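Letter by letter, the chains look like this.
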Amino acid sequence: MTDGQWEQLPMSFRQLLEGTPAGVGVLDTSLRYLYVNPTLARMNGVPAEAHIGHTIAELLPGIDAREEVLRAVIADGRPREVTSSGHTQASSPLSRRYWHGAYHRLEQDGRPIGLVGIVLEVTASRQQQHELEQTRSRLALLDAAATRIGTTLDMDITCGELADFLVPQLADIATVEVLPHPDSSHARRRSDGGLRLRRAAMAARPELLDSARVLGTRGEYVDYQPSSAIPRCLASGQSIIDNRLSDDELGLSAPNTDRVAIYREIGIHSGMIVPLAARGHRVGTVTLMRVGESPMFSQDDAVAAEDLARRAAISLDNARRYTREHTVAVDLQRALLAEPGAPHPDLTVSFRYRPAGTSALVGGDWYETVALPDGRTLLAIGDVMGHGLEAAAEMSHYQAMLRAMALMEPAADLLLRRMDDLASRVHEYRPATCLVVFADPARGECSYASAGHLPPAVVRPDGAVELMPVEPGPPLGTGMGGYRARTAELPYGHTLLLFTDGLVERRGEDIDRSLSRLTDHRLPLDDGPPVLLDDLLDAVLAGAPRPAEDDIALLAATTAAARPGPGHGGTAGGRIPGNGGRQP
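The text that follows walks through the structure, step by step, so that each part is easy to find. (Residues numbered from 1 in each chain as written. Predicted model: local features only at pLDDT ≥ 70, side-chain atom pairs only at ≥ 80, totals over all residues. Heavy atoms only, no water.)

### Comments concerning the sheet that holds strand β2 (residues 33-36)
- If you walk across this open sheet you meet the five strands as β2-β1-β5-β4-β3, and the pairing is antiparallel. Edge positions in the open sheet fall to β2 and β3 (80-86), since each of these has one partner strand only. Taking the axes of each pair of neighbouring strands and ignoring which way they run, one obtains an average angle of 25° across the sheet.
- Sheet topology note: the strand β4 (residues 97-108)/strand β5 (residues 111-121) ladder contains 10 bridges and is antiparallel. Across the sheet, H100 pairs through a bridge with L120, a residue of β5.
- Contacting β3, β4 and β5, helix α6 (residues 67-76) crosses the sheet at an angle of about 20° to β4. (Pairing = 2+ DSSP bridges. Helix = DSSP H or I, 4+ residues; strand = E, 2+ residues; numbered from the N terminus. Axes fitted to C-alpha atoms, helices over the stretch in contact; angles between N-to-C directions. Contact = heavy atoms within 4.5 Å.)

### Some words on the side chain of T558
- Structurally, the position occupied by T558 is in strand β21 (residues 552-559).
- A polar contact is formed between the side chain of T558 and the backbone oxygen of H494, at a distance of 3.3 Å.
- With residues near it in sequence (within four places) discarded, T558 still touches D346, L347, T348, H494, T495 and L533. (Polar contact = N/O pair within 3.5 Å; in protein donor to acceptor, adjacent residues only side chain to side chain.)

### Some words on the pattern of salt bridges
- Using the criterion set out here, one finds 30 salt bridges in the structure.
- Across the salt bridge formed by R352 and D534, the nearest N and O atoms sit 3.4 Å from each other. Of this pair, R352 sits in strand β12 (residues 347-354) while D534 sits in helix α17 (residues 533-542), and the two are 182 residues apart along the sequence. Taken individually, R352 and D534 each receive the classification buried, so the pair is uniform in this respect.
- Notably, a salt bridge pairs D462 with R522, separated by 3.3 Å at the nearest N-O pair. Taken as a pair, D462 in the loop between β17 (457-459) and β18 (465-467) and R522 in the loop between α16 (511-520) and α17 lie far apart in primary sequence, 60 residues in all.
- Connected through salt bridges with shared partners, the residues R460, D462, E466 and R522 form a single ionic network. (Salt bridge = Lys/Arg side-chain N within 4 Å of Asp/Glu carboxyl O. Buried < 20%, exposed > 50% of the residue type's maximum accessible area, 1.4 Å probe, protein only.)

### Digging into α17
- Summarising burial for α17: seven of the 10 residues are buried, a large majority.
- Buried residues belonging to α17 abut β12, β17, β20 (495-499) and β21.

### Section: the sheet that holds strand β9 (residues 240-243)
- Taken in spatial order, the six strands of this open sheet run β8-β7-β6-β11-β10-β9, and their pairing is antiparallel. Because the sheet does not close on itself, it has two edges, and the strands there are β8 (221-224) and β9. Pairwise comparison of adjacent strand axes, ignoring direction, gives a mean angle of 25° for this sheet.
- With six bridges joining them, strand β6 (residues 173-178) and strand β11 (residues 281-291) adopt antiparallel strand pairing.

### Concerning the nonpolar core
- Core analysis: the largest hydrophobic core is formed by 36 residues, its most contacted members being L162, L166, L170, L276, L288 and L308.
- For this core, the elements supplying multiple residues, two or more each, are α7 (123-146), α8 (155-169), β6, β7 (195-204), β10 (268-278), β11 and α13 (299-337).
- Per-element tally for this core: the top contributor is α13, with nine residues.
- In this structure, L170 is in contact with L141, L288, R290, F297, D301, A304, A305 and L308, ignoring residues within four places of it in sequence.
- Judged by nonpolar contacts, the second largest core, of 27 residues, contains Y398, A412, A451 and Y483. (Core = buried A, V, L, I, M, F, W, Y, C linked by side-chain atoms within 4.5 Å.)

In structure tokens, the structure reads:
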């Protein structure tokens, strides 16, 4: 636009063009600038007068100007709007800027002489839209992860779920490394200052599985040099992105320099290390790798991976805490059950204890044997309600109470009533079920009573299992009393079987159906007595749910005329590890 043409415009219109916050430019039919207002000049980072006579491409090569759209406006006269992006000559900290423009054809005497463009920068709104889309995407990712990561309290399973979820969502190959337990020899720092971590999981796209196996196997310990990415990530607590590293840089970032050739052979070009930390404790790291044509890692990828890592780290820390408590509780329970009292020599007894799977804490299952002065042997089995260390500890209280009360109360119903009274009024113990049996091989009979416990079973010489009738009273510790004893024959060749509910119960199943499964099962007894009690208990456990949803305690007893199992010598045997027995 010439000075003369500018002067011919009304003053009010010239003031509007000079003061508007929108960029305004006039181009001729060859898309060369005729005029730009001050706002557009500032947007472009070029003085207004320097625009004149130049095309957009000449002045702003970093802009996707969409010139084909502008030429279409000149050709057919139909106004159009278009969004362009890139960088002008104006300095900006942004990685990319966006502009939205409306373009109209200018005519004189019915023929086109150029066009006018009105441009607004929309970078902020595009950035907000991008952030909103990224937030929605991350929320959808976390929502999907919530159902697939942390489904158990097993650390390695959780690590595997995390690795499997990351591929192919964010990576072509993913590994999860965890720090060894502080008491482990693997936790010591290497002489060169490096770290040793255990590879808990690895996942890869199907076509990369064979190649990825070269990186190592699940469960192995990997030594990392001090300069490598994983020790640096753990030290800083920050994610590390390595895109397109040179061989020298990759040699410093990798666990050791030997890995460089392996990475190149697989085609890995980008890696990202994300820390796993929960409740202020370091758990390990997640390594994500991209191969071949996959894009390099971005900051958005890091944010998504960190969200997933934080979620998974909580599950891993829960699993680690659970494992520690579960181990202590199991060790406590084994120690308490390792030395039940010895029966009289005319009775052979064998025991089994199997803790539940990783879906539940250890329970309060227990058993006990007491030889009484009158020649009878008291057999007992029980289950303290609840799980964890407290249940395991209170189990020992009930055992001690039984041993003391057995010498004072000669009948099954009276014994349970005395224990219930002490547990509820004196000590306020947790409620517990209990089954007591007074076995008298000399008379060939037994008497028994139940405090809310499942009935005893008898295994006949042909291997058939029958439940003995019982009138279960309320659990111990309720203070309600009301126990009734029964007497039954105990002939030679028949084996008493006492068990806790973990042997038969299945979630959502009626208890009568669960018990019938036991009685429907014929146990292999090698054509009758003498019976190997260890083999019998192995056969019973073979029919138990796997994985068991609750702990299982078993007690089997038969007259000493029956051939004892190895190491039993006609007295108490079949105990848990460390006391002559076997634990499946």
